[in-house]
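If you want the building blocks of each chain, they are given just below.
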Amino acid sequence: MIALAGRPVRWRRVGLWLLGWAGLGVAALAWQLAASLSHSALVPTFASAAAYAWHLLTGPVLSADLLPSVARVLVGFGISAAIGITVGLLVGYYRSPREWTAAVFDFFRSLPTPLLIPVALVLFGLGGTMVVAVIVSAAVWPVLINTANATAGLEPIVVDTARSLGLRGPRLLARVILPAVSPQIFAGLRVAISVSLAVLVVAEILGGGSGIGYYIENAQQSFQITGSYAGVLVLCLLGWMADSLFLLAERRLLAWQRGVVGGGDA
Amino acid sequence: MPEAVLQMSHVGVTLSGQDGSVVEVSRDVSLALAPREFVSIVGPSGAGKTTLLRAASGLRRPTTGEVSFDGEPLTDVRAGISVVFQEYNKSLFPWMSIGKNVAMAARHLPAAERASRVADALRLVALEGMGSRYPWELSGGMQQRAALARALVSGPRVLMLDEPFASVDALTRGLLEDVVADLWERSSFAALLVTHDVGEAVYLSDRVLVLSARPSRIMAEVTIDLPRPRRQTHTRRLQRFVELEAEVLEFVYKAGRGSAGQGS
């Protein structure tokens, strides 16, 4: 019985997975066709861009530009997560700091990030520190705002229960509030990842001194058209990997939540 | 009469909303809970029963008056008082197994003793061996029994119950009432139950206090002289039970009419 019932589900999953890859294949094919039909020097074929991308991943560009970019994203995202979660919990839980920080946060949050790059360049100069600072200035907000809103909107009964169990202060925040709002924190972190990647590229183009954004900009300036397309492909790959890893972590850490929302999988 | 384990003297609670509105929920509530006594507070909806229980448990400070526990003023939550809330589905932590939920209330104990206490508490509420399950894997009645186990694992002197059976079906409710009655008879805690269900209050209690409409005060006290142990199939059919239930109900209706006269 179980084997029979389990089989169609598993095959459906494999089917969906194959369908996803088939979609990517069709997109690559369309690119290939369009590029070869246009005969334009400005649009390389998918095959040549992919081959170039492989060359980037295996050549000296890997350590010169790619790894620094990955490190910047990781550090910037990590700092954003740490600040966003900590400050978000405090601001969400305690009412008076929430009131006097709301306006300040709203102000900084609505600043367009590229606007901060010239300032960051003055403060930190060219290079990694500047890029990380700019990433943090943008990626901290989705985490902080999500955490603070979820904490402030938490069912009072959750806090009452924890308090009646004798939990207070930092322990109450870490052992009850943090897990209780972790689904919303994860939603914020996921946004922060894609924000980090987007800001990374902009900051590197404007003054990274190295990195994948810097590489793409350079390739384009020196008419290495295929190179800049390849850079974009590598960046896509990076984003996809980050998101996949993230979903994997989320599924593990929030496994309890699948039962709570009533879904669960078959 | 032995000295009260929990005493409320002239307690009044005024709530102020974020929009500046001020509501006087209760005014001048006094009661004394003797050790091992079972007392229920019933009242019309909106009489501030939950607010009163939060004040009694130290979760909030009363605006006026005083609460004392064991002869000392109660200004915050403290060990010795356990609370079971109405919404067990929100009060059990969903990210922890049942066993860990219960262990939260015994976390000051050394690991070995904690484990055996948790197992004992789960056995008391007939959830033996369910410690590794997660709350969502359990039925409503089982979840509320788990919440009871968590409240009792620390060996409280006072157990406070806030409409604990309001969100389960009638049959489960009867069964849970008997679980509480049985635990209370076998242990040594005093119980303070807040409910809108007059039958439940009469069935479980030694004394029933009737709350007036807002701002509430205690308008009547009925001593329940039904024999123990009480059992659903037996106790609720007694002539005396029916009389007492009618008596309390009359007070509650009187209180309800009072609130209807005052407007919302």
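**Student:** Any chance you could explain the interface of chain A and chain B here in plain terms?
**Tutor:** Much of the literature gives interface size as the accessible area that the parts lose upon coming together. Taken together, the 21 residues of chain A in the interface contact 22 residues of chain B. A combined buried area of about 2,100 Å² lies between chain A and chain B, and 62% of that area is made up of carbon and sulfur atoms. Broken down residue by residue, the surface that chain A buries against chain B is led by Ile157(A), Arg163(A) and Leu165(A), which jointly contribute 28%. Our enumeration of links across chain A and chain B arrives at 4 salt bridges. Here Glu155(A) ties to Lys90(B) by a salt bridge, and the two come within 3.5 Å at their closest N and O atoms. Counting every contact that joins chain A to chain B gives 6 residue pairs in polar contact (both at pLDDT 80 or more). When residues of the side of chain A that touches chain B are traced back to their parent elements, those giving at least two are α7 (156-164), α8 (169-207) and α11 (255-260) of chain A. Among the elements that take part in the side of chain A that touches chain B, α7(A) stands out by supplying 7 residues, more than any other. Its residues placed into classes, the side of chain A that touches chain B shows 10 nonpolar, 4 polar and 7 charged.

**Student:** How should the packing of aromatic side chains be read in this particular structure?
**Tutor:** What characterises a pair of aromatic rings is the spacing of the ring centres plus the angle enclosed by the ring planes. All names here are of chain A. Taken as a whole and assessed by the stated rule, the structure comprises 11 aromatic pairs over all chains. Taken together, a centroid distance of 5.4 Å and an interplanar angle of 65° make the contact between tryptophan 31 and phenylalanine 46 edge-to-face. Here tryptophan 31 is found in helix α1 (residues 2-38), whereas its partner phenylalanine 46 is found in helix α2 (residues 46-58), with 15 residues between them in sequence. An aromatic cluster is defined as three or more aromatic residues linked by ring pairs; in this entry it consists of Trp17, Trp21 and Trp240.

Criteria and cut-off values
Residues numbered from 1 in each chain as written. Chains lettered and ligands numbered in written order. Predicted model: local features only at pLDDT ≥ 70, side-chain atom pairs only at ≥ 80, totals over all residues. Heavy atoms only, no water. Contact = heavy atoms within 4.5 Å. Buried area = accessible area lost by both parts, 1.4 Å probe. Salt bridge = Lys/Arg side-chain N within 4 Å of Asp/Glu carboxyl O. Polar contact = N/O pair within 3.5 Å; in protein donor to acceptor, adjacent residues only side chain to side chain. Helix = DSSP H or I, 4+ residues; strand = E, 2+ residues; numbered from the N terminus. Nonpolar A, V, L, I, M, F, W, Y, C, P; charged D, E, K, R; others polar. Phe/Tyr/Trp six-rings, centres within 6.5 Å; stacked < 30°, edge-to-face > 60°.

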